[in-house]
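Inside the fold
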Amino acid sequence: MSETVLLVGGGGREHAIARAVDEAEEPATLYACASNRNPGIARLAEEFETLDENDPDAVVDYALEVGATIAAIGPESPLQAGVVDALEDVDVYAFAPREEDARIETDKAFQREFMEANEIPGRIDYETFDDVDDACNYVESYDGDVAVKPVGLTGGKGVRVTGDQVTTDEAVAYMRDSDWDDWVVEERLVGEEFTVQAFVAGDDVLVSPAVQDHKRAYEGDEGPNTGGMGSYSDASFQLPFMTEADSVEALRILEATVDALEDYRGVLYGQFMLTAEGVKVVEFNARFGDPEAMNTLPVLETDYVELMQAARDGRPLPELEFAEQATVCKYAAPEGYPVDPKAGTKVAVDEERAREVASDYDGDALLFYASVDERDDGIYTTTSRAFAVVGVADTISDAEAVAEAVLDEAGDEGLHVRHDVGTDALVQARIDHVQELRGN
Ligand code: AMP
Ligand code: GLY
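1. Regarding the site of ligand 2
In the neighbourhood of ligand 2, the contacting residues comprise Asp 213, Lys 215, Gly 227, Tyr 269, Asn 285, Arg 287, Gly 289, Asp 290, Pro 291 and Glu 292. Contact between ligand 2 and Glu 292: a nitrogen atom at 2.7 Å from a side-chain N or O atom of the residue. For ligand 2, the accessible surface in isolation is 200 Å², of which the surrounding protein chains cover 91%. Among the residues making up the shell around ligand 2, the classes are represented as 2 nonpolar, 3 polar and 5 charged.

2. Structural notes on the packing of helix α13 (residues 351-359) against helix α14 (residues 396-410)
Between α13 and α14, the least distance of the axes is 9 Å, while the angle of their chain directions is 145°. For the pair α13 and α14, the sense of crossing is right-handed. Counted together, Arg 353, Ala 354, Val 357 and Ala 358 of α13 and Val 402, Ala 405, Val 406 and Glu 409 of α14 form the full contact between these two elements. Here the residues of the contact of α13 with α14 are counted per class, giving 6 nonpolar, no polar and 2 charged.

3. Observations concerning the side chain of Glu 192
If you trace the backbone, Glu 192 turns up in strand β10 (residues 192-201). Within the local environment of Glu 192, its side chain forms a polar contact with the side chain of Gln 212, the two groups lying 2.7 Å apart. Excluding anything up to four places from it in sequence, Glu 192 contacts Gln 212, Phe 241, Phe 272, Met 273, Leu 274, Arg 430, His 433 and Val 434.

4. Points about the sheet that holds strand β3 (residues 47-50)
Overall, parallel pairing links the 5 strands, which are arranged β3-β2-β1-β4-β5 in an open sheet. Whereas interior strands pair on both sides, the edge strands pair on one side only; in this sheet they are β3 and β5 (93-94). Pairing analysis gives 6 bridges linking strand β1 (residues 3-8) to strand β2 (residues 28-34), with the strands arranged parallel. Across the sheet, residue Thr 4 finds its bridge partner in β2, namely Thr 29. Packing against the sheet, helix α1 (residues 12-23) makes contact with β1, β2 and β4 (70-73), and its axis sits at approximately 170° to β1. Sheet strands touched by helix α3 (residues 56-66): β1, β2 and β3. Its angle to β1, the strand with the most contacts, is close to 155°.

5. Brief notes about the sheet that holds strand β19 (residues 346-347)
Strand order in the open sheet made by the 3 strands is β19-β22-β21, with antiparallel pairing throughout. Whereas interior strands pair on both sides, the edge strands pair on one side only; in this sheet they are β19 and β21 (372-375). In this sheet, strand β22 (residues 378-381) lies alongside β19 in antiparallel orientation, the contact comprising 2 bridges. Following the sheet pairing, Val 347 is matched in β22 by Ile 379.

6. A word on the packing of helix α6 (residues 99-106) against helix α7 (residues 108-117)
Contact geometry for α6 and α7: axes closest at 6 Å, N-to-C directions at 95°. With respect to their mutual orientation, α6 and α7 come out roughly perpendicular. Contact residues: Arg 103, Ile 104, Glu 105 and Thr 106 in α6; Lys 108, Phe 110, Gln 111 and Phe 114 in α7. Of the residues in the contact of α6 with α7, the class split is 3 nonpolar, 2 polar and 3 charged.

The rules behind these values
- Throughout this description, residue numbers start from 1 for each chain and increase along the sequence as written.
- Each chain is given a letter, starting from A, and each ligand a number, starting from 1, according to the order in which they appear as written.
- For a predicted model such as this one, the threshold for reporting local features is a pLDDT of at least 70, and the threshold for listing and counting side-chain atom pairs is 80 or more; totals across whole chains, interfaces and linings nevertheless cover every residue.
- Only hydrogens and water are set aside; all other atoms, that is, all heavy atoms of the structure, feed into the side-chain values.
- Near, as used in this document, describes a residue that has one of its heavy atoms within 4 Å of the molecule or strand being considered.
- Polar contact is defined as a pair of N or O atoms within 3.5 Å, subject to the rule that within protein one atom must be able to donate a hydrogen and the other to accept it, and that residues adjacent in sequence are counted only when both atoms are side-chain atoms.
- Every accessible area reported is derived by Shrake-Rupley at a probe size of 1.4 Å, with residue values counting cover from the shown protein chains alone.
- Gly is put with the polar residues, along with every residue not named as nonpolar or charged; the nonpolar set is Ala, Val, Leu, Ile, Met, Phe, Trp, Tyr, Cys and Pro, and the charged set is Asp, Glu, Lys and Arg.
- All axes here are fitted lines through C-alpha atoms, helices being fitted over the stretch that makes contact, and every angle between N-to-C directions spans 0 to 180 degrees.
- Strands are runs of DSSP state E lasting at least two residues, helices are runs of H or I lasting at least four, and both sets are numbered from the N terminus onward.
- Each helix crossing is assigned a hand: it is left-handed if the near helix lies turned anticlockwise from the far helix by less than a right angle, otherwise right-handed if that turn is clockwise.
- Note on contacts: a residue pair qualifies if any of its non-hydrogen atoms lie within 4.5 Å across the two residues.
- Think of it this way: DSSP has to see at least two bridges between two strands before they count as a pair.
- Just so you know how the angles are binned, under 35 degrees is roughly parallel, over 145 roughly antiparallel, 65 to 115 roughly perpendicular, and the rest oblique.

This is the structure in structure tokens:
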């Protein structure tokens, strides 16, 4: 039977999911809906409907209209809004967690308390508050640096870390100025971050290669936090600063979490910090990362439609196979992003030319659109991340060169890119950092 896949979400991550569905051998027709029109997804889909992706009724109506047989949900906010549960009520299976299970991401107090109650490894010192004054007093009296987090969703921009991004006074002022009452305050972790995304259904927890994202806006990890400026993965499951034991520990944590959640399905994203004391959990997400999906899905050789079908039908997930290639993803955001972004730059990436450039490195180059405005005479930037370029090659170094060559073709006028993502110098700095932490 041919599947009718409904994709919800219109960013770079969802463009990568659309491509995975498009490349699948299992017969499938793709329909897409999101709050913003993504021209890359629209090109791959039978139809692209612009609707409020956080409105369960709107998504359900569209799913019924197109006769969806499986849904893929990219972003976190539809999960929180109960889109998966609403689809289930009309017998449309979504390969994504229900609202209650998505709390592992959408409620940061629940996340830490759940880890504590179930003795999930990788726990850290934390305290939860429902009053901002109490939270501020705790921050001021805490012996050491902290991370302060609003309990709810903030698009990756809500956390402040003292001793790194801000002083204690600045963290307290930030908390008092915000509209949040509920906070988690936790010990500041020092180390290198990595992401591991697992595909979960039934008893299966199948991991994909580790990825490192770059959340800070400017080169050298300076500036405000963003949704993520770029990311890389290696040809193996580990990043160059990790050992196999670190990957095994990440898997153990993900398995323990799924086990305790009981009914989880979809992608479980673990954000980890490799510290001097081992692997610690920074957070969980109930979905693919953006940008990380753009590293993972292009090297996933397993049929993505078959994978979702198996999950829906209660069969074991197919074994995951990944091309043994490295990836480097670089986002192009509008100039001034994220503080004072200037929209309206015409985006000119020639995909044919990109592939030619990549072939010089025996690799591949992919383009994923995120937030753009498609007009009659072309595609223009808005005030959010516009598009991502992904280089795929045998080594991180070559994948980085591919990504840069493609960006070079596009020109950098009106755009902000972190050119340091995936460079030899930055990767070496990560290796040196971990060696220093481990005391060699
Ligand atoms: P989150 O929204 O939880 O992913 O946090 C965003 C970013 O804040 C993370 O990727 C980390 O870089 C940083 N962060 C969060 N929690 C901590 C922590 N406990 N210690 C140090 N950095 C943290
Ligand atoms: N890359 C971070 C996130 O998707 O939350």
